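Chain and residue survey
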Amino acid sequence: MSIEDPQEAATAPVEVLHVDDDPSVLDLTESFLDAELDGVAVTTTTEPEGVIDHLAAGTFHCVISDYDMPGRDGLEVLCDVRDEYPDLPFILYTGKGSEEIAAEAINAGVTGYLQKGGPDQIRRLANRVEHAAVEYRSQIESERYSTVLKALDYPIYVVNEDAEFEYVNEPFVDLTGYDREEIIGSSPGLIKTESDVKKANEKLAEIVSSTGPERRKFSVDIRSKDGKEIPCYDHMAALPFDEEFRGSVGILRDASEEQRRREELLRQNERLEEFTSVVSHDLRTPLNNAEAAAELARLDGDEEHFDRLASEHERMEQMIRDLLRLARNGRTVSETEPVDVGAVASEAWKSFGCPTDELELPDGELVVEGDSARVRQLIENLLRNAVDHGQSPVRVRVREHAGGFHVEDDGPGIDEDRVDEVFEPGFTTASDGTGFGLTIVKRIADAHGWAVDVTESDAGGARFEFAVDAKANASLEEPHVV
């Protein structure tokens, strides 16, 4: 038996298969059913052995069968149908009835049992067929939608007329973190704020109004049992009713990933604006300086102009390298390993330190969980910042600090009035600085979930403090995007 198209089911005729060994009964019953029912299509057969083949070849909503037939009686036909189509309505319509046959039919799962008779009896048959077919169609539609909803795995709820949860499915339980017993009988305020409850009631009022839509989609924050707020879309509709309101039904869709992507896109747009600003403004200065140096070199060939030209080119190359690092640091930190900050600093110092400069390392290991390559980049930028802004001999210290570490120097420090600007792209106090070194430091820290603070060191220089505690590292379970 084929599956009905749900869009055509509402207008398609009721399909009935009638089996009886008497063709005259088949013709008379078909005529009465046509007269009594709107949109009925009756298929008749005098061969009870072929009932299953007929069912397999069509879409039927009810079977009518005689009892006393040669070859197979009505109860045997009923057993055949129940083996293949256990829910298909089956009405035993027989001229040879008895209490014994009726009892057997009921035990075998017959939908209805009627004695053959005159017009009134056939009308009763038509009425029974109509009700059985409607219930069967509703069951098919309900099962189909239930299967679809299970496949989509969306949280579903039903709120009754008293504004209490009457039903929730397993995905709804998983989303909220409450046990089903805690939810059923409680008000939506259990999982929503007062403002969101008010919003839902306003949407429901629109739905049940005479001119309102059949359903509404709106955003809502679901509060889970552990206090977490989950952004969702609520697709709400009213339960069918004539005069008395029966409640509402809704499907939730978790919008966390969508929100995360939207926020990531906003951050990407912000970075694009930063890059555009650098290319259009910050790179223009060394480019103009290089052009001026080249023109002076052409005029008098002084070596000083060539040195200036090479210096400006190196500055532009460094700015481009830093821009590329900023772009790479837009990735998330999802895989970490133990990283010894002291060992990383010791290795990086080889590229920056002069013989007269000094790097003080912590006693023993100073281990944090992080992306080793990016932690090294963070340390390198801090060391470069200390060397570029200080006068040799420069002294840099790396020490443990409040569940994390700090890097400090004895340089000129940072003006109190400009502390909030140090991590902004393009900020620098050095004449040949790119202004991106500390921006990269901040981005790497954010990607790890580390808090970073700038203060004055004991020697009057700059001190960068990184809080790498358990709470901060726990955020790596949901990687930051920067």
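This write-up is about the structure you can find in this document. Just so you know, these numbers come straight off a predicted model, no measurement behind them. (Residues numbered from 1 in each chain as written. Predicted model: local features only at pLDDT ≥ 70, side-chain atom pairs only at ≥ 80, totals over all residues. Heavy atoms only, no water.)

**Examining the overall build of the protein**
Within the protein, the secondary structure is distributed over 16 helices and 17 strands. Counting all 482 residues of the protein, 41% fall into the buried class. Within the protein, counting contacts between residues at least 6 apart in sequence, those at least 24 apart form 61% of the total. Just so you have it, the protein exposes about 26,300 Å², and 47% of that area is on carbon and sulfur atoms. (Helix = DSSP H or I, 4+ residues; strand = E, 2+ residues; numbered from the N terminus. Buried < 20%, exposed > 50% of the residue type's maximum accessible area, 1.4 Å probe, protein only. Contact = heavy atoms within 4.5 Å. Areas by Shrake-Rupley, 256 points an atom, 1.4 Å probe, with all protein chains shown as cover.)

**Regarding a nonpolar patch on the surface**
Among the surface-exposed residues, V208, F241 and F245 lie close enough to one another that they form a single nonpolar patch of about 210 Å² accessible area. Following the sequence through the fold, F245 ends up in the loop between β9 (229-238) and β10 (247-254). (Patch = residues over 30% accessible without salt bridge, like charges linked within 9 Å, V, L, I, M, F, W, Y side chains within 5 Å. Salt bridge = Lys/Arg side-chain N within 4 Å of Asp/Glu carboxyl O.)

**A short note on the packing of helix α14 (residues 372-389) against helix α15 (residues 437-448)**
Interaxial distance between α14 and α15 falls to 9 Å at its minimum, and their mutual angle equals 150 degrees. One element, α14, and the other, α15, form an angle in the roughly antiparallel class. The two elements α14 and α15 cross, and the hand of that crossing is left-handed. Every residue of α15 that contacts α14 at R374, V375, Q377, L378, N381, L382 and N385 is listed here: G437, L438, I440, V441, I444, A445, A447 and H448. Looking at side-chain class alone, the contact of α14 with α15 contains nine nonpolar, five polar and one charged residues. (Axes fitted to C-alpha atoms, helices over the stretch in contact; angles between N-to-C directions. Parallel < 35°, antiparallel > 145°, perpendicular 65-115°, else oblique. Left-handed = near helix turned anticlockwise from the far one by under 90°. Nonpolar A, V, L, I, M, F, W, Y, C, P; charged D, E, K, R; others polar.)

**Quick notes on empty space enclosed by the protein**
In total, this model carries one cavity of 30 Å³ or more according to the counting rule given. The computed volume of the largest cavity comes to approximately 30 Å³. For the largest cavity, the full set of lining residues is L382, A386, V396, V407, E408, D409, A462 and F464. Among the elements of the structure, α14, β15 (404-409) and β17 (462-467) are those that each provide at least two residues to the lining of the largest cavity. The leading source of residues in the lining of the largest cavity is β15, at three residues. In terms of residue class, the lining of the largest cavity is made up of six nonpolar, no polar and two charged. (1 Å grid on protein atoms, 1.4 Å probe; cavity = no way out; pocket = protein on both sides within 12 Å on 5 of 7 lines; lining within 4 Å. Points joined across faces, edges and corners; volume = space filled by probe spheres on them.)

**Details of the sheet that holds strand β6 (residues 156-160)**
Across the sheet, five strands lie side by side as β7-β6-β10-β9-β8; this open sheet has antiparallel pairing. What marks the edges here is a single partner per strand, and that holds for β7 (165-168) and β8 (215-223). The sheet shows a mean angle of 30 degrees between the axes of neighbouring strands, direction not considered. Two strands pair when backbone bridges link them, and β6 and β7 are joined in this way by three bridges, in the antiparallel orientation. Bridged to V159 within β7 is F165. (Pairing = 2+ DSSP bridges.)

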